[in-house]
Amino acid sequence: MTEDQKQQSKQDEPRIGVYVCHCGLNIAGSVDCAEVAKFAATLPHVVLAQDNRYTCSDQGQAGIQKDIKEKKLNRVVVASCSPRLHEPTFRKTCEDAGLNKYLFEMANIREHCSWVHLYDRKAGTEKAKDLVKMAVAKATLLQPAEEIEVPITRKVLVIGGGVAGIQAALDLADTGYKVYLVEKEPSIGGMMARIDKTFPTMDCSICILAPKMSDIGHHPNVELLTNSEVSEVKGYIGNFHVKVLKKARYVTKDCTACGECVKVCPIVTANEFDVGLATRHGIYTPFAQAVPSTYIIDMNLCLNKDGVIVCDKCIKACERQAIKFEMKPEIQEMEVGTIVVATGADVFDPSVIPDYGYGKFPNVITSLEFERLINAGGPSGGHLIRPSDKQIPKRVAFIQCVGSRSEKTGKPYCSNVCCMNTIKDSLLIKEHWPDTEIYVFYVDIRAYGKGFEDLYKRARKEGVVFIRGLPAEIREDKRTHNLWLIGENTLKSELYRTNADMVILSIGLEARKDSETIQRLLTLSRNQDGFFLEAHPKLRPVDAATGGIFFAGCAESPKDIKDSVTQASAAAARAGILMAKGKVTVEAITPIPFPEKCKACGLCIKVCPYNALTLDKEKKRVTVIEAACGGCGTCAAECTFGALTQSHFTDEQIIAQIDAITEYDANKKTVAFCCNWCSYAGADFAGVSRMQYPAHARIIRTMCSGRVSIKFIERAFARGAAAVLVSGCHIGDCHYINANYQTQKRVERTWKKMEQNGLNKERLQLLWASAAEGEKFATKIREMQSIVENVKPEEIEKTQKVFEKALEGS
Amino acid sequence: MPERIRHPPLDKEKMEQVQTEIHLIEDQCKGCGYCIEYCPRKVLEESNEINARGVHIPKVSDISKCIMCSFCTAVCPDFAIFVEEKPARKVKED
């Protein structure tokens with residue numbers, strides 16, 4: 001857009017076109033769309049209002065474009081679904097017709113109206129009218145804006161060196177990008193390196209993984225940082241500044257992995273790689289195929305841990321003089337454009353279920369311990385032996401869903417891999433010791449993937465007995481260490497009491513215990529199960545909500561090797577798209593300073609989570625670094641002098657929305673502020689799930705709850721609103737690092753003011769709701785119904801008086 | 001690896017490979033405490049016993065932790081402490 005055009009649209013009287021979408025019967029089923037359109041036509045500046053079946057269809061979009069040209073529309077309002085779904089679509093429609101995309105506004109009358117008021121057409125229609133009125137009020141004040149372009153560094157950080165991280169790193173490195181692969185453990189390989197065989201093809205796991213691991217070690221574009229952890233991430237999409245803590249290995253790259261040092265090391269401990277079933281020395285390599293093959297010294301156990309060389313046996317044994325006790329941890333800094341999170345999952349610890357006796361009975365083991373036992377390179381050389389007497393068991397029982405699909409253990413989700421893993425394990429036992437009797441106790445067998453059903457059938461044919469119903473209890477014969485499984489066969493409705501020489505608990509996967517650290521470092525969100533939350537479950541399954549960050553493997557949800565690899569390649573492709581383009585545009589929602597009003601107090605700079613503001617004290621001027629700005633608007637909400645506002649979410653626009661809500665029947669309504677990423681998305685989710693709640697709330701969308709300034713809350717009350725709801729992401733989950741701390745502070749301050757003036761502070765509610773917590777949002781609105789119903793006219797009058805100052809300047 | 005280890009290693013006898021005995025020439029000790037301070041496995045501690053020189057001598061707190069690095073011998077200024085390997089494992093009889 002040229003400067004002339006910009007000037008022109010600024011000066012022009014707004015000419016708004018309103019399009020009310022039926023969305024088939026999705027909206028029209030519970031909202032009278034024709035009436036809403038008729039109402040819209042009566043609003044100021046609206047020159048055209050119509051209802052149509054599918055506004056997002058090509059036909060619908062063409063209609064809008066035609067009207068922009070023919071009717072000279074300079075603002076467009078579409079009342080349909082959530083802007084989180086179709087705002088980009090309609091923005092493009094407007095742009096293609098020559099209208100700046102920031103002159104488009106959306107009213108969400110589907111997720112926030114028709115779907116949540118399915119059985120109250122009258123209330124639904126009234127609410128839809130209000131929502132359209134709010135959108136029109138905001139649209140009148142919209143200004144065209146230009147987006148700035150940010151260059152993208154063509155380097156990528158992959159966090160986690162399991163199979164997903166390896167695949168993503170290889171794909172990106174092969175494309176030609178520089179890859180930093182950071183792994184916490186001394187070797188890459190992750191969980192796949194510990195598994196014996198893979199299902200359904202029964203390939204040897206490490207045999208197919210080792211070549212990939214070695215590729216990583218030799219790839220010219222990959223810089224492998226093992227025994228390292230990401231300690232700091234700053235910056236934004238395309239321009240992340242990362243610090244990685246490289247812990248000391250005490251062995252240099254000169255190590256040839258000859259193993260002479262191991263022979264003399266006096267320290268012996270349990271090897272974590274073998275789940276403690278084998279031993280290792282103080283200087284060690286976790287497993288034979290480790291990459292890098294360089295040995296490592298466990299400094300927690302080494303005699304030299306206090307900085308004094310007490311024992312120099314390994315130093316003497318090393319011909320290459322590769323052992324250096326003076327090595328120190330280092331911080332390596334790097335600039336990357338994109339980040340792939342492939343941090344994997346932990347396994348469930350079954351010792352929290354006392355009835356199964358894991359950790360108490362020696363012959364109750366986990367499926368991971370089984371993998372190490374059956375592995376030819378494992379502690380028993382591939383012999384499945386009972387830990388109690390090292391005999392090969394004759395009767396083996398598998399128990400499914402240990403730490404999956406169970407409310408009791410706090411793991412209500414299915415872990416995806418355990419059913420097939422057990423079937424594979426049972427076949428492995430049958431292969432080595434065909435006479436073994438195998439019983440699988442299950443809830444449901446989920447053999448959903450390619451080749452899975454065949455494997456399941458094969459197991460049944462080989463004589464593996466599947467019994468539906470998990471044991472309630474395992475008892476041990478103290479003398480023989482044999483086990484008794486007691487439970488109910490739910491297909492036959494009879495009790496069983498089966499004995500077994502060995503019980504294998506098929507343990508589920510859970511989110512990494514340190515995922516909170518990654519979440520904080522990268523400002524990600526997690527679902528209620530603790531796994532990282534994708535930007536959209538269907539259409540953006542590998543993108544994080546934070547730009548430039550992608551997921552691969554079990555970090556996002558439990559999945560098998562094939563799915564992990566698939567997702568890793570997808571993440572690599574998504575990251576590659578960004579880096580191939582080499583630049584990204586930043587949404588024009590950055591702050592606009594008004595230097596003449598600025599008092600140089602510096603409050604805005606204090607609250608900015610991105611350090612995107614700088615203050616020149618002498619000139620009394622705040623400068624915005626647009627590329628660093630995340631667009632939360634917290635700075636604008638903090639400024640008490642009106643010297644800062646947020647583009648596209650200006651004070652005037654939000655006030656216009658508040659005024660539109662409270663124009664009529666304010667005493668029956670709730671003014672709700674929702675942040676784009678969590679609570680607005682949560683409200684969308686309530687709609688998608690058709691959770692019904694009363695129609696008193698009108699939602700104003702801001703990018704972050706931190707944008708909600710105290711004066712907005714006060715204005716809503718001053719205009720006679722019955723209640724105000726401020727909602728955002730959970731503390732710690734804020735999409736803008738920590739901007740919602742400001743929300744809390746501001747709401748608390750308003751509560752205090754209300755209390756001091758003898759007002760019922762219940763009328764101002766604060767809700768933290770994630771994108772997955774639709775029910776929580778719906779429940780809150782239901783709860784607030786009684787607040788809205790019970791507020792007395794005198795009380796509203798009193799509130800209006802207390803906050804009447806907020807009406808100034810309108 | 002984040003899993004908690006619940007089973008002892010199948011080759012756990014390896015973990016008890018060296019059986020040692022710590023000998024102290026009691027009256028030679030001047031109670032400086034270096035052996036206690038510098039033992040990397042914290043095998044020694046101060047005892048209540050007093051020797052001819054009127055100082056508290058060290059005593060063994062947990063011999064199973066000792067892996068015969070002999071650092072105590074190296075740091076002892078009075079050549080009062082040394083470690084020997086036991087010829088065979090003695091079974092404790094309680």
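Conventions used here
- Residues numbered from 1 in each chain as written.
- Chains lettered and ligands numbered in written order.
- Predicted model: local features only at pLDDT ≥ 70, side-chain atom pairs only at ≥ 80, totals over all residues.
- Helix = DSSP H or I, 4+ residues; strand = E, 2+ residues; numbered from the N terminus.
- Buried ≥ 20, exposed ≤ 12 C-beta atoms within 10 Å, placed from the backbone.
- Contact = placed C-beta atoms within 7 Å.
- Pairing = 2+ DSSP bridges.
- Axes fitted to C-alpha atoms, helices over the stretch in contact; angles between N-to-C directions.
- Parallel < 35°, antiparallel > 145°, perpendicular 65-115°, else oblique.
- Left-handed = near helix turned anticlockwise from the far one by under 90°.
- Nonpolar A, V, L, I, M, F, W, Y, C, P; charged D, E, K, R; others polar.
- Right-handed = clockwise from strand over helix to strand, strands pointing away.
- Expected span 1.5 Å × (residues − 1).
- Domains from an automatic or database assignment.
- pLDDT = per-residue confidence, 0-100.
- Core = buried A, V, L, I, M, F, W, Y, C linked by C-beta atoms within 7 Å.

Observations concerning the overall build of chain A
Inference 1: Helix and strand counts for chain A stand at 23 helices and 40 strands.
Inference 2: Overall size of chain A, expressed as C-alpha extent along the three principal axes, is 85 × 70 × 55 Å.
Inference 3: A burial count over chain A gives 52% of its 810 residues as buried.
Inference 4: By sequence separation, contacts in chain A at least 24 residues apart represent 73% of the contacts at least 6 residues apart.

Brief notes about the overall build of chain B
Inference 1: Looking only at helices and strands, chain B has two helices and four strands in total.
Inference 2: Helices and strands appear in chain B in the N-to-C order β-α-β-β-α-β.
Inference 3: Pairs at least 24 residues apart make up 58% of the contacts formed inside chain B by residues separated by at least 6 positions.

Brief notes about the sheet that holds strand β22 (residues 437-442) of chain A
In a beta sheet, neighbouring strands are held together by backbone hydrogen bonds and run either parallel or antiparallel to one another.
Residues and elements named next belong to chain A.
Inference 1: Strand order across the open sheet formed by five strands is β20-β27-β21-β22-β23, with parallel pairing between neighbours. A single partner strand is all that each edge strand has here, and the edge strands are β20 (364-366) and β23 (465-468). Sheet twist, expressed as the mean angle between neighbouring strand axes with direction ignored, is 25 degrees.
Inference 2: Here helix α11 (residues 367-374) sits on the sheet in contact with β20 and β27 (502-507), set at roughly 120 degrees to β27.

A word on the packing of helix α7 (residues 163-175) of chain A against helix α8 (residues 205-218) of chain A
Residue and element names in this part refer to chain A.
Inference 1: Interaxial distance between α7 and α8 falls to 10 Å at its minimum, and their mutual angle equals 50 degrees. On the basis of their axis angle, the class for α7 and α8 is oblique. Our pair here, α7 against α8, has a crossing hand that is left-handed. Touching Val 163, Ile 166, Ala 169 and Leu 170 of α7 are Leu 209, Lys 212, Met 213, Asp 215 and Ile 216, all from α8.
Inference 2: Considering only residue class, the contact of α7 with α8 consists of seven nonpolar, no polar and two charged.

Here's the deal with the environment of Gly633(A)
Residues and elements named next belong to chain A.
Inference 1: Along the polypeptide, Gly 633 turns up in the loop between β35 (621-624) and α17 (634-638).
Inference 2: With 30 C-beta atoms packed within 10 Å, Gly 633 lands in the buried category.
Inference 3: Note: C-alpha distance between Gly 633 and Thr 670 (37 residues apart in sequence) is 23 Å.
Inference 4: Residues within four places of Gly 633 in sequence aside, it is in contact with Gln 646, Phe 649, Thr 702, Met 703, Cys 704, Gly 706 and Arg 707.

Digging into the pairing of strand β7 (residues 178-182) of chain A
Residue and element names in this part refer to chain A.
Inference 1: Of all the five residues making up β7, four are buried; the element is thus mostly covered by neighbouring parts of the structure.
Inference 2: Sheet analysis places strand β6 (residues 155-159) next to β7, joined by five bridges and oriented parallel. Looking at the pairing, Ile 159 lines up with Val 182 of β7.
Inference 3: Chirality of the crossover, the property in question, places the unit of β6, α7 and β7 among those that are right-handed.
Inference 4: Relative to strand β10 (residues 222-225), β7 runs parallel, the two being bridged by four bridges.

Some points on helix α6 (residues 121-140) of chain A
Inference 1: Along its 20 residues, α6(A) runs 28 Å from first to last C-alpha, staying within 8% of the 28 Å computed at 1.5 Å per residue.
Inference 2: Burial analysis of α6(A) places 17 of its 20 residues in the buried class, the great majority of the element.

Observations regarding helix α22 (residues 774-790) of chain A
Every α-helical turn comprises 3.6 residues, leaving residues that sit three or four positions apart pointing alike.
Inference 1: Its 17 residues give α22(A) an end-to-end C-alpha distance of 25 Å, which sits within 8% of 24 Å, the value for a rise of 1.5 Å per residue.
Inference 2: The complete set of buried residues in α22(A) reads Gly774(A), Phe777(A), Ala778(A), Lys780(A), Ile781(A) and Met784(A).

Re the domain arrangement of chain A
Interfaces are frequently sized by the accessible area removed from exposure as the parts join.
Inference 1: Along its sequence, chain A is carved into domain 1 (1-147), domain 2 (155-340 + 525-542 + 550-581), domain 3 (346-510), domain 4 (591-644) and domain 5 (649-810).
Inference 2: Per-class residue counts for the side of domain 2 of chain A that touches domain 5 of chain A are one nonpolar, three polar and no charged.

A word on unusual backbone geometry
Residues and elements named next belong to chain A.
Inference 1: At the junction of Phe 199 and Pro 200, the peptide bond is cis and its omega measures out at -5 degrees in the coordinates.
Inference 2: Mapped onto the elements of the fold, Pro 200 is located in the loop between β8 (197-198) and β9 (203-204).
Inference 3: Residues other than glycine seldom take positive phi values, yet Val 275 does so here, at roughly 50 degrees.
Inference 4: Its location among the elements puts Val 275 in the loop between β13 (268-270) and β14 (279-281).
Inference 5: At Cys 401, a residue that is not glycine, the phi angle is positive and equals roughly 50 degrees.
Inference 6: On the basis of neighbour counts, which here come to 22 C-beta atoms within 10 Å, the residue Cys 401 falls in the buried class.

Side note on the confidence of the model for chain B
Inference 1: Predicted confidence across chain B gives a mean pLDDT of 86, with 89% of residues reaching 70 or more.
Inference 2: Reported for the predicted complex are a pTM of 0.78 and an ipTM of 0.85.

What about the nonpolar core?
Inference 1: Formed by 231 residues in total, the largest nonpolar core has its most connected members in Val18(A) and Ala79(A).
Inference 2: Setting aside residues no more than four positions away along its own chain, Ala79(A) makes contact with Val18(A), Tyr19(A), Val20(A), Cys21(A), Val36(A), Ala107(A), Ile109(A), Ala128(A), Leu131(A), Val132(A) and Ala135(A).
Inference 3: With 36 residues, the next largest nonpolar core counts Val268(A), Cys318(A), Ala322(A) and Cys76(B) among its residues.

Thoughts on the sheet that holds strand β37 (residues 670-675) of chain A
Residues and elements named next belong to chain A.
Inference 1: Read from one edge of the open sheet, four strands run β38-β37-β39-β40, paired in parallel fashion. On the outer flanks of this sheet lie β38 (697-702) and β40 (764-768), each paired with one strand and no other. Mean inter-strand twist for the sheet, computed between neighbouring axes without regard to direction, equals 20 degrees.
Inference 2: Note that β37 and β38 share six bridges and pair parallel. Across the sheet, the residue bridging to Val 671 is Arg 698, located in β38.
Inference 3: Set on the sheet, helix α21 (residues 740-756) makes contact with β39 (723-728) and β40; between it and β40 the angle comes to about 160 degrees.

Quick look at the interface of chain B and chain A
Inference 1: Contact residues are listed per partner, giving 19 residues for chain B and 31 residues for chain A.
Inference 2: For the side of chain B that touches chain A, the residue count by class is twelve nonpolar, two polar and five charged.

Points about the environment of Cys419(A)
Inference 1: Structurally, Cys419(A) is set in helix α12 (residues 418-432).
Inference 2: Between the C-alpha atoms of Cys419(A) and Tyr442(A), which are 23 residues apart in sequence, the distance is 8.4 Å.

Quick look at the packing of helix α3 (residues 58-70) of chain A against helix α4 (residues 83-96) of chain A
All names here are of chain A.
Inference 1: Look at α3 against α4: their axes get within 9 Å of each other, and the N-to-C directions meet at 40 degrees. Viewed along their axes, α3 and α4 adopt a mutual orientation that is oblique. Where α3 crosses over α4, the handedness of that crossing is right-handed. For the pair α3 and α4, contact is made by Gln 61, Ile 64, Gln 65 and Ile 68 and by Thr 93, Cys 94 and Asp 96, respectively.

Looking at the environment of Glu335(A)
Residue and element names in this part refer to chain A.
Inference 1: Note on placement: Glu 335 falls in strand β17 (residues 330-336).
Inference 2: Residue class for Glu 335 comes out partly exposed when judged on the 13 C-beta atoms lying within 10 Å of it.
Inference 3: Note: C-alpha distance between Glu 335 and Val 242 (93 residues apart in sequence) is 6.2 Å.

Some thoughts on the pairing of strand β30 (residues 540-544) of chain A
All names here are of chain A.
Inference 1: For strand β29 (residues 534-536) and β30, the ladder comprises two bridges, and the chain directions are antiparallel. Its bridge partner being in β30, His 536 is matched across the sheet by Arg 540.
Inference 2: Connecting β29 to the antiparallel partner β30 that follows it, the hairpin turn spans three residues.

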